[in-house]
Amino acid sequence: MKYSFKIIIGLLVFISIYSCGAKTNQTAIKPNENKSTVIQSDLDRKVDSLLGLMTLREKIGQMNQYTGFRDFTGPVNKASDEESKTQDIRDGLVGSMLNVRGVKNVRAVQRIAVEETRLGIPLIFGFDVIHGYQTMAPIPLAESASWDMEAIENSSRLAAKEAAAAGLNWTFAPMVDISRDARWGRVMEGAGEDPYLGSLIAKARVKGFQGDDLSNRFTIAACAKHFAAYGFSESGREYNTVDIGTSTLYNVVLPPFKAAVDAGARTFMSSFNDLNGIPASANYFLFRDILKDKWNFEGFVVSDWASIKEMINHNYAPDDIAAARLSVNAGIDMDMESYVYLDYLEQLVEDGTVSMATIDDAVKRILKVKFELGLFEDPYRYCSEEDEAKVIDSNEIKEGALDMALKSIVLLKNEGDLLPLKRDQKIAVLGDLAFDKNSVLGNWRLGAIDNTAVSLQEGLSTYSKGNFNFERGPAFVTSKAEFSQELIYNKTDTTGTKAALDAAKNADVVIMLLGEHGLQSGEARSRTDLGLPGVQQQFLEQVYAVNQNIVLVLTNGRPLALPWAKKNIPAIVEAWQLGSQSGHAIAQVLHGDFNPSGKLPMSFPFDVGQVPIYYNHKNTGRPKDYNEGTVFNSHYQDAPNEPLWPFGFGLSYTTFEYDQIEINDNFSVDGTITVTAQIKNVGDRKGTEVAQLYIQDEFATTIRPVRELKGFKKIELEAGESQNISFILTSNELGFFDNQGNWLLEDGNFNVWVGGSSQANLKQSFMLKQ
Ligand code: BGC
């Protein structure tokens, strides 16, 4: 028998109103019981009422997610047959769709769920809104270089707004995987190598996407991914195994996920990798013990694309039915593109290997998020053509993307003050990528329109038509770059080099835009070589031979190893993949209209052989300065131990100096240690600095890293201005997790550094005594 959506909702409202009334009369609200607790329980009652109406098959349907009919973001496992998927939706066998976007499409699919199924439960529509929907902000790694939580939150807020205007209500972001290995392509999608910075960014992004109220028209549900340790894939090879110790797991991998839970992230995604022998998608310890029990996460968990089924390839689940059982019992509530929940959960419940309670718990979590999004009140809440026309690519969103792009740029070198450019200089601009309007949109750009970014050539042209001489030089790739294809770099064709060299000879300054294509990082884009791909290094050296006044502007989705460039090129600007407004942002920075303030969120290696390389490593028994004069210490024969550029590093067109570090130990009185220092702008222009604080717990029951970031402040100072800055350290910053996951705070000596990078040398110490 078919019920219409309206009848069901009416029934639910009646039930929930009735049950609320009854409860309110019986249970007096305690004075300290806040309103949200009460609303929460109302919600639970609504969810329970709906659950009570559902058949087992309908419940399982809620746990099934299909990709849309055209777009895909992984290998297509089931014929993308629109007809059979539509029929499954109609039969109440689908809880969510991904990759259906645009108000017209979303409305059409939602209409089937709401008007043609027995219960009319709305679908939740997910999409990878990673750094923008149609208007692209910088890639997340670039945004992280801003160390600006307000700007990052705003960038996610605008991404959510644009996505919500396109009918979407759930993003598969933020990716909060810490990574120390630049070979891994997905470092572009995260916040880099540091758990402290990564946790703050995770929080900012969740808040940005979700706002304070998920039922707001322009907020969408966030998804912290990929749980867990995906960033530690062995040898940086995509989807590879992860084998890490508990100290790294608790102190490095998990904190940003916990921060996402604390910030209210409504969903989580499992990762593709196995963790110490157990695939994440069947990892009971991760999802039940940690996430749902210890952290009390109340949202739902979606698998990654086909990651449940792929446990067969992992040699973990012998077949589909085992895969479904292992995943659901481990706490994966929704199956993305494996189809095994739909095919086998009913049978598993019948034979008793999956309990009804497990199914009910998963379904409740999913329904709850749908209620929170306001989808039961109005399933078409996100489907307004008017909003879609007004919001997408609006000035507000473009301005946000430009602001974020400016703040993401990192100045790596500026010898002889080659930058900013002077207005009367003759400038040659070289590099195929300088003309590219596509690459800087990054890898996660399914909602973007091809060739819509502002190229560097366009950005610079808005400054002055006369002074720039643009030449492509040799081609970058040999064929058109495709989202699902491997890129083929030009390694031989030097057509264009001669014209570029002629332009360089006649210029005062040469700007070269070199690096990676936007589709060279991201999922399934691991590299073993971290140099400039194709003929670019050769091209750089050829230009250097005719004109050494080079400003190298890098565009890349991961740290690169460029020791030759660092040694020889006088000015280097890290411009990542900055999104739709890229060319405008780079032009403003090169001209000094925006003074760069970014700091690296990941160490740049000297050589690929150093990776994984990260500042917060532990010491060895034979550190590099030990046994000096012999070979018996921890070092390489052919490369330094240090990175090319360290974590936290970034210059400005002015210079900052740090002094007067002092420590006020009030720990035994109020549990705080206050560290103060003075920072001074000693240059001749206004600038913004990210002042950073690092600690070392010198001796502990588990070895602590040589340094750990535990505070930072972004400060703007006029030329000549100085300011006192202070950082407060509490047990939250001073403690650590032992190998059983217990939080410890141990007495003893702590070293503290304050400065402009992880190599800061202004130092003090204090003795912690509880
Ligand atoms: C990625 C996820 C993404 C999903 C859906 C997977 O291949 O690993 O991060 O959210 O596809 O597009």
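On a predicted model such as this, the values are computed, not experimentally measured, just so you know.

## What to know about the overall build of the protein chain
Part 1: Within the protein chain, the secondary structure is distributed over 22 helices and 25 strands.
Part 2: By the compact-globule yardstick of 27 Å for 770 residues, the protein chain fits well, its C-alpha radius of gyration being 27 Å.
Part 3: Considering only C-alpha atoms, the protein chain reaches an extent of 80 × 65 × 50 Å along its principal axes.
Part 4: By the burial criterion, 61% of the 770 residues in the protein chain qualify as buried.
Part 5: Taken as a whole, the protein chain presents about 29,300 Å² of accessible surface, with 48% of it coming from carbon and sulfur.

## Focus: the pairing of strand β13 (residues 468–471)
Part 1: Burial of β13 is one-sided: the residues Phe468 and Phe470 facing one way are buried, the residues Asn469 and Glu471 facing the other way are not.
Part 2: Bridge analysis of strand β12 (residues 427–430) against β13 gives four bridges, and the strand direction is parallel. Note on β13: the bridge partner recorded for Val429 is Phe470.

## Side note on the sheet that holds strand β9 (residues 300–302)
Part 1: Taken together, three strands build an open sheet; the order of strands is β5-β6-β9 and the sheet is parallel. For this open sheet the edge positions go to β5 (223–227) and β9, each flanked by a neighbour on one side alone. The average undirected angle you get between the axes of adjacent strands in this sheet is 25°.
Part 2: As paired strands, β5 and strand β6 (residues 267–270) are joined by three bridges and run parallel to one another. Residue pairing across strands places Cys223 opposite Thr267, the latter belonging to β6.

## Describing the confidence of the model for the protein chain
Part 1: This prediction gives the protein chain a mean pLDDT of 93; 94% of its residues lie at or above 70.
Part 2: In this model, residues 1–37 is a region of pLDDT below 50 whose contacts with residues beyond four sequence positions or in other chains number 26 contacts.

## Here's the deal with the domain arrangement of the protein chain
Part 1: Domain assignment breaks the protein chain into domain 1 (4–307 + 360–387), domain 2 (397–610) and domain 3 (656–768).
Part 2: Contacts between domain 1 and domain 3 engage 13 residues on the former and 16 residues on the latter.
Part 3: Roughly 1,200 Å² is buried in total at the junction of domain 1 and domain 3, and carbon and sulfur atoms are behind 58% of that figure.
Part 4: Taken together, domain 1 and domain 3 are joined by one salt bridge.

## A word on helix α4 (residues 82–90)
The α-helix advances 3.6 residues per turn, and as a result positions three or four apart in sequence lie on the same side.
Part 1: Of the residues making up α4, those classed as buried are Lys85, Thr86, Asp88 and Ile89. Looking straight down α4, one finds its buried side chains confined to an arc of 160°; they lie on one side.
Part 2: Considering only its buried residues, α4 is in contact with β1 (64–67), β2 (96–98), α5 (103–116) and α12 (340–350).
Part 3: The positive-phi residue at the C-terminal boundary of α4 is Gly92, with phi of around 75°.

## Details of the pattern of salt bridges
Part 1: By the definition in use, this model includes 42 salt bridges.
Part 2: A salt bridge links Asp360 to Lys59; its shortest N-O distance comes to 2.8 Å. Residue Asp360 is located in helix α13 (residues 356–372), and its partner Lys59 is located in helix α3 (residues 56–62); the two are separated by 301 residues in the primary sequence.
Part 3: Looking at Asp360, the relative accessible area reads 19%, which means it is buried.
Part 4: One salt bridge in this structure joins Glu708 and Arg704, with 3.2 Å as the shortest N-O distance. Like Glu708, the residue Arg704 is buried in the burial classification.

## What to know about unusual backbone geometry
Part 1: With omega at 10°, the peptide bond leading from Ala173 into Pro174 counts as cis.
Part 2: Locating Pro174 in the fold gives a position in the loop between β4 (170–171) and α8 (195–210).
Part 3: For Asn276, which is not glycine, the phi dihedral falls at a positive 50°.
Part 4: Looking at the element boundaries, Asn276 is found in the loop between β7 (274–275) and β8 (278–279).

## Considerations on the side chain of Asp335
Part 1: Relative to the elements of secondary structure, Asp335 occurs in strand β10 (residues 335–336).
Part 2: No salt bridge is formed by the buried Asp335, whose closest oppositely charged neighbour, Lys309, lies at an N-O distance of 8.6 Å.
Part 3: Discounting chain neighbours no more than four positions away, the residues touching Asp335 are Met63, Asn64, Gln65, Ser303, Ile308, Val340 and Tyr341.

## A short note on the packing of helix α7 (residues 149–165) against α8
Part 1: Contact geometry of α7 with α8 gives a least axis separation of 7 Å together with a crossing angle of 35°. Taken as a pair, α7 and α8 cross one another with a handedness that is right-handed. Seen from α7, the contacting residues are Met149, Ile152, Glu153, Ser156, Arg157, Ala159 and Ala160; seen from α8, they are Leu197, Leu200, Ile201, Ala204, Arg205, Lys207, Gly208 and Phe209.
Part 2: Of the residues assigned to the contact of α7 with α8, the class counts are nine nonpolar, two polar and four charged.

What counts and how
Residues numbered from 1 in each chain as written. Predicted model: local features only at pLDDT ≥ 70, side-chain atom pairs only at ≥ 80, totals over all residues. Heavy atoms only, no water. Helix = DSSP H or I, 4+ residues; strand = E, 2+ residues; numbered from the N terminus. Rg over C-alpha atoms; globule rule 2.2 N^0.38 Å. Buried < 20%, exposed > 50% of the residue type's maximum accessible area, 1.4 Å probe, protein only. Areas by Shrake-Rupley, 256 points an atom, 1.4 Å probe, with all protein chains shown as cover. Pairing = 2+ DSSP bridges. Axes fitted to C-alpha atoms, helices over the stretch in contact; angles between N-to-C directions. pLDDT = per-residue confidence, 0-100. Contact = heavy atoms within 4.5 Å. Domains from an automatic or database assignment. Buried area = accessible area lost by both parts, 1.4 Å probe. Salt bridge = Lys/Arg side-chain N within 4 Å of Asp/Glu carboxyl O. Arc of directions from axis to C-beta. Lys, Arg positive; Asp, Glu negative; His and termini not counted. Left-handed = near helix turned anticlockwise from the far one by under 90°. Nonpolar A, V, L, I, M, F, W, Y, C, P; charged D, E, K, R; others polar.

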